[in-house]
Amino acid sequence: MIKKLDSRIDLKNIQLPFVPILPDLELKNISIRSDSEKWETLRFEVEIDNQIMRFKEFFLDWFYPSFPKSLLRTFSLPYAPLSMRSMKFQGTTYPVFFGIDYSGANAANAWMLGTTLEIRDLSHRGKDFIDRTMDIMLHAQSGAFPQRRDFISRSFYAGKERKYSWFEEERIGRMAWANTKNDINGNFLNKFDRVCTGIFNGIHKLTVYSREDLNNEIWIDLFKGGSTLKNGVYRFDDDNNGILNRHSESNQFRIFSVSKFGPWLLRKSYNDIIATIGVSSGVEIGDIEKLIGDIEINRDKVINL
């Protein structure tokens, strides 16, 4: 169902599973998709210097947090080379990625306070689009926070019966999900207030750590090596690294990032368990080192199926 809104004021009375990120401009053609076969989505348009941009905002729950999926044709290969600008939003530095989206348009993708933003250039203004987008985002404001901020409550697929269009959605939807406690001792992972765990047949397990302020999110994705379960783990090969920049190994973790501000992917095998760690934007390398230390110190709690 598509609900049209007259102005941004109407958003104050609507509870969404994500934080709206709203430009300090007049919003046009505002609508919300809900009660649908796809996740809840806020759409609107803004115009600046005769350039029209369409915003689409939602909570992306079917892939590692904050990856610019609208600009990628595969797991990590973009439709066209990406560029990146960084910006500080409510005290955290986030990357904003620019490239070509699935429609062939100039587009941007960002992740802030757990919200995915897809911004499309409707005026086909080329290079102007990057500068205009950054100017808009630097003056954006956050809307209402969701009342329930755990992953299961915000997710469209976790713990719900849905139809799947892609295998990524099925990976999340087929799991049995529950809220769990964070009993980690450490320097970084223990700062995450919300913990949700999904398990599928003792073969695949996903633990999502998120913060009360929704600034960061971490996925610890475990898969039993040798299993024939379809789509249980993503391959990390030299020929499909794409946007992933490789860093020096730490504690046998292979470390990849899309930018120095994230997002991040870490990979390590523990005997018969393949561990993939997805870390959102807004996290820098120093905290990645702390996270790896936390996982190793708490290995029995974190790495188990």
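My aim in this report is to walk through the structure given alongside it, one point at a time.

Section: the sheet that holds strand 9 (residues 115-121)
Ordered in space as 1-3-4-5-9-8-7-6, the eight strands form an open sheet in which the pairing is antiparallel. Since the sheet does not close on itself, it has two edges, and those belong to strand 1 (2-5) and strand 6 (83-89), each with one partner. Put simply, the sheet's adjacent strands are angled 25° from each other on average, direction ignored. Pairing of strand 4 (residues 41-48) with strand 5 (residues 51-58) involves eight bridges; the strand directions are antiparallel. Each residue of the ladder has a partner; that of E47, found in strand 5, is I52. Here helix 1 (residues 128-137) sits on the sheet in contact with strand 4, strand 5, strand 6, strand 7 (92-100), strand 8 (106-112) and strand 9, set at roughly 55° to strand 5.

A short note on the packing of aromatic side chains
Evaluated as defined, the whole model comprises 21 aromatic pairs. With centroids separated by 6.2 Å and ring planes inclined at 50°, the aromatic side chains of F167 and Y234 adopt a geometry described as tilted. With F167 in helix 3 (residues 167-173) and Y234 in the loop between strand 14 (217-224) and strand 15 (245-250), this residue pair connects regions lying 67 residues apart in the sequence. We classify Y234 as buried; its relative accessible area is 8%. One aromatic cluster is present, formed by F59, F63, Y64, F67, F75, F151, F167, W177, W219 and Y234 through successive ring pairs.

Overview of the pattern of salt bridges
The final tally for this structure, using the stated rule, is 15 salt bridges. Between E212 and R149 there is a salt bridge, with the nearest N and O atoms lying 3.2 Å from each other. Linking E212 in the loop between strand 13 (204-210) and strand 14 with R149 in the loop between strand 10 (141-142) and helix 2 (151-154), this pair joins segments that are 63 residues apart in sequence. Using a relative accessible area of 30% as the deciding quantity, one classes E212 as partly exposed. One salt bridge in this structure joins R171 and D221, with 3.0 Å as the shortest N-O distance. Of this pair, R171 sits in helix 3 while D221 is found in strand 14, placing the two residues 50 residues apart along the sequence. Taking relative accessible area as the criterion, D221 reaches 4% and is therefore assigned buried. Overlapping salt bridges, with partners in common, bring together R149, R194 and E212 in one network.

Quick notes on the rules
- Residues numbered from 1 in each chain as written.
- Predicted model: local features only at pLDDT ≥ 70, side-chain atom pairs only at ≥ 80, totals over all residues.
- Heavy atoms only, no water.
- Pairing = 2+ DSSP bridges.
- Helix = DSSP H or I, 4+ residues; strand = E, 2+ residues; numbered from the N terminus.
- Axes fitted to C-alpha atoms, helices over the stretch in contact; angles between N-to-C directions.
- Contact = heavy atoms within 4.5 Å.
- Phe/Tyr/Trp six-rings, centres within 6.5 Å; stacked < 30°, edge-to-face > 60°.
- Buried < 20%, exposed > 50% of the residue type's maximum accessible area, 1.4 Å probe, protein only.
- Salt bridge = Lys/Arg side-chain N within 4 Å of Asp/Glu carboxyl O.

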